[in-house]
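Breakdown of the fold
These are the residues of each chain, in order.
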Amino acid sequence: MSRQPQTIAIVVAAGKGERIGGAIPKQFAPLAGLPLVEHSRRALSAHPRIDRVIVVVAPDQGERIDDALPIGGATRRGSVRNALETLVGEPVDRVFIHDAARPFVPAAVVDRLLDALDDHAGAVPALAVADTLARGGELLGEGVSRDDVFRIQTPQAFRFDAILDVHRRWPDDRDATDDAGMARAMGHDVMIVDGATDLDKITYPADFLAAEARAAATMETRSATGFDVHRLETGELLWLGGVLIPHDKGLSGHSDADVALHALTDALLGTIAAGDIGTHFPPSDPQWKGADSAQFLQHAASMITDLGGQIDFVDLTLMCEAPKIGPHRGAMQQRIAALLSLATDRVSIKATTTERLGFTGRGEGIAAQAIATVRVPRR
């Protein structure tokens, strides 16, 4: 039985990105809480007509992005060639080639590109030039006509066999600015389709500021609370906030009974209306007996990031007479920050007593209340 032809998108993210400045290459710099390259990967992955997305990074960048291929070459052309070669033998019919520095990919542009491949070997998105053009150095020179002049963008789309052949035949000593130019130079017709200002490339620090504003306009802020209680019993370990705390009693529950992480988990789930911790990890299921509650918290966090969301801040209040929380506050803050991939100043931990009133006042248990603030895409 023949395999169904696929459409694969290649996101090239192997460059140094030096013009943007900063300690890391721009494709990994954070934008709206995610690495820049992650935005284009998610946009392309979400399109129903794209079957798979490949992110290509340099050999020493493989740890920066999950599931990336560390096969980047010395040049952009080398990176694309390496990615194309990995697809040989697979049922690939069409391929997109996209720059990681263009984080916003409108679905309508993807559709226009794919439709153009019905009659052409390649297609590119482009915008007509609106500004006056002129030659010059220090002094203004002769004007240049804007007629039939376009700003070429990515993603660029090709029939797979055609662009693979172009890359294989391209001379090593010949420069190339982009894949569409290579295809045209090798005799293929490349169709121009309407591009979008959303596809503008991020090159300089000011571009990042504009992209942050654009991303913010597509997000909404949500907050939700979580509350949990567990009984203190002799013979149990006391886990609080992911930290093992020495005490003569521990919290009792089906998992490790970390009341702090449970409250935080419920708060995060609440921001996306995803039920509560018992919905996802029912105490009736034996696989969660004695389980590390860190996995509950990370599961809730991953549900938010899978939606394209970002956790901004969490606040936790622990209610107990003993043990004293202060000596362990820093360790809990660091552990929760690590679990949620947050800076420690985005994790607040407080403690209070109930003036010896109620079950916490009698030392029978510990209660925790949490609130989480996140940003998620507007629907």
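Rules behind the numbers
Residues numbered from 1 in each chain as written. Predicted model: local features only at pLDDT ≥ 70, side-chain atom pairs only at ≥ 80, totals over all residues. Heavy atoms only, no water. Helix = DSSP H or I, 4+ residues; strand = E, 2+ residues; numbered from the N terminus. Rg over C-alpha atoms; globule rule 2.2 N^0.38 Å. Buried < 20%, exposed > 50% of the residue type's maximum accessible area, 1.4 Å probe, protein only. Contact = heavy atoms within 4.5 Å. Areas by Shrake-Rupley, 256 points an atom, 1.4 Å probe, with all protein chains shown as cover. Arc of directions from axis to C-beta. Pairing = 2+ DSSP bridges. Right-handed = clockwise from strand over helix to strand, strands pointing away. Phe/Tyr/Trp six-rings, centres within 6.5 Å; stacked < 30°, edge-to-face > 60°. Axes fitted to C-alpha atoms, helices over the stretch in contact; angles between N-to-C directions. Core = buried A, V, L, I, M, F, W, Y, C linked by side-chain atoms within 4.5 Å. pLDDT = per-residue confidence, 0-100. Patch = residues over 30% accessible without salt bridge, like charges linked within 9 Å, V, L, I, M, F, W, Y side chains within 5 Å. Salt bridge = Lys/Arg side-chain N within 4 Å of Asp/Glu carboxyl O. Polar contact = N/O pair within 3.5 Å; in protein donor to acceptor, adjacent residues only side chain to side chain.

What follows is about the overall build of the protein chain. Each helix and strand counted, the protein chain has 11 helices and 18 strands in total. The C-alpha atoms of the protein chain give 26 Å as radius of gyration, which overshoots the globular expectation for 379 residues (21 Å, by more than 25%). Along the first, second and third principal axes, the C-alpha atoms of the protein chain reach 85 × 65 × 35 Å. Looking at the protein chain as a whole, 47% of its 379 residues are labelled buried. Contacts spanning at least 24 positions in sequence make up 71% of the contacts within the protein chain whose residues lie at least 6 apart. By element, 49% of the accessible surface of the protein chain is carried by carbon and sulfur atoms, the whole surface being about 19000 Å².

What follows deals with helix α3 (residues 107-116). Residues of α3 that are buried: V109, V110, L113, L114 and A116. Viewed along the axis of α3, the buried residues span an arc of 160°, placing them on a single side of the element. As for α3, its buried residues are in contact with β1 (6-12), α1 (36-45), β5 (92-99), β6 (122-128), β10 (156-159) and β11 (190-194).

Attention now moves to the pairing of strand β17 (residues 347-352). Taken together, the six bridges between strand β16 (residues 310-319) and β17 define a ladder with parallel strand orientation. Within β17, the position partnered with T317 by the bridge is K350. Since β16 and β17 lie parallel, the crossover through helix α10 (residues 329-340) that links them has a hand, and here it is right-handed.

Another point: the packing of aromatic side chains. According to the stated counting rule, one finds three aromatic pairs in the structure shown. The interplanar angle of 85° and the centroid separation of 5.9 Å between the aromatic rings of W288 and F296 together place this pair among those described as edge-to-face. The pair formed by W288 and F296 is uniform in burial state, with each residue classed as buried. Within the aromatic cluster, the residues linked to one another by ring pairs are F281, W288 and F296.

We now examine the sheet that holds strand β15 (residues 250-252). The mixed open sheet is built from five strands, whose spatial order is β15-β12-β18-β16-β17. The sheet terminates laterally at β15 and β17, the two strands that pair on one side only. Strand-to-strand, the axes of this sheet are offset by a mean angle of 30°, without reference to chain direction. Note that β16 and strand β18 (residues 365-377) share nine bridges and pair antiparallel. Its bridge partner being in β18, D315 is matched across the sheet by I371. On top of the sheet, helix α7 (residues 259-271) reaches β12 (219-233), β15, β16 and β18; it is set at about 150° to β12, its chief contact. With respect to the sheet, α10 is in contact with β16 and β17, its orientation differing from that of β17 by roughly 140°.

Here G187 shows up in the loop between α5 (179-185) and β11. The exposed category is assigned to G187, whose relative accessible area is 62%.

Let's shift gears to the nonpolar core. Ranked by internal contacts, the top residues of the largest apolar core, which has 42 residues, are L240 and L268. Elements represented by at least two residues in this core include exactly α7, α9 (294-306), β16, α10, β17 and β18. Residue contributions to this core peak at eight residues, all from α7. Setting aside residues up to four positions removed in sequence, L240 forms contacts with I245, L251, D258, V259, A260, L318, I325, M332 and I366.

The next point concerns the confidence of the model for the protein chain. In the predicted model, the protein chain carries a mean pLDDT of 92, and 98% of its residues have values of at least 70. Averaged pLDDT values over the elements of the protein chain bottom out at 84 in strand β3 (residues 34-35) and peak at 98 in β10.

Bringing unusual backbone geometry into the picture now. Of note, the amide linkage connecting T154 to P155 takes the cis form, showing an omega dihedral of 10°. Inspection of the secondary structure puts P155 in the loop between β9 (150-152) and β10. You will see that A273, though not glycine, has its phi angle at about 50°, which is positive. Turning to its location among the elements, A273 is positioned in the loop between α7 and α8 (277-280). Given the relative accessible area of 73%, A273 is considered exposed. At R356, a residue that is not glycine, the phi angle is positive and equals roughly 60°. In this structure, R356 sits in the loop between β17 and α11 (358-361). For R356, a relative accessible area of 63% gives the class exposed.

Our next topic: a nonpolar patch on the surface. A contiguous nonpolar patch, built from F150, I152 and I192 and spanning about 250 Å² of accessible area, is present on the exposed surface. As for its placement among the helices and strands, I152 is situated in strand β9. Overall, I152 belongs to the partly exposed group, its relative accessible area being 37%.

Another aspect to go through is the side chain of Q153. Looking at where Q153 falls in the secondary structure, it is placed in the loop between β9 and β10. A distance of 2.8 Å separates a polar side-chain atom of Q153 from the backbone oxygen of A196. In contact with Q153, other than residues within four places in its own chain, are R102, P125, A126, L127, G195, A196, L199 and D200.

Before going further, it helps to examine the pattern of salt bridges. One pass over the full model with this rule turns up 20 salt bridges. Put simply, D115 and R49 hold a salt bridge, and the shortest N to O gap is 3.1 Å. Of the two residues, D115 sits in helix α3 while R49 sits in the loop between α1 and β4 (52-56), which places them 66 residues apart along the sequence. Since its relative accessible area comes to 41%, D115 is described here as partly exposed. Measuring nitrogen to oxygen at the nearest pair gives 2.5 Å for the salt bridge that ties R52 to E90. Placement of the pair is R52 in strand β4 and E90 in the loop between α2 (76-86) and β5, with a sequence separation of 38 residues. When salt bridges that share partners are traced, they join R76, D99, R102 and D179 into one network.

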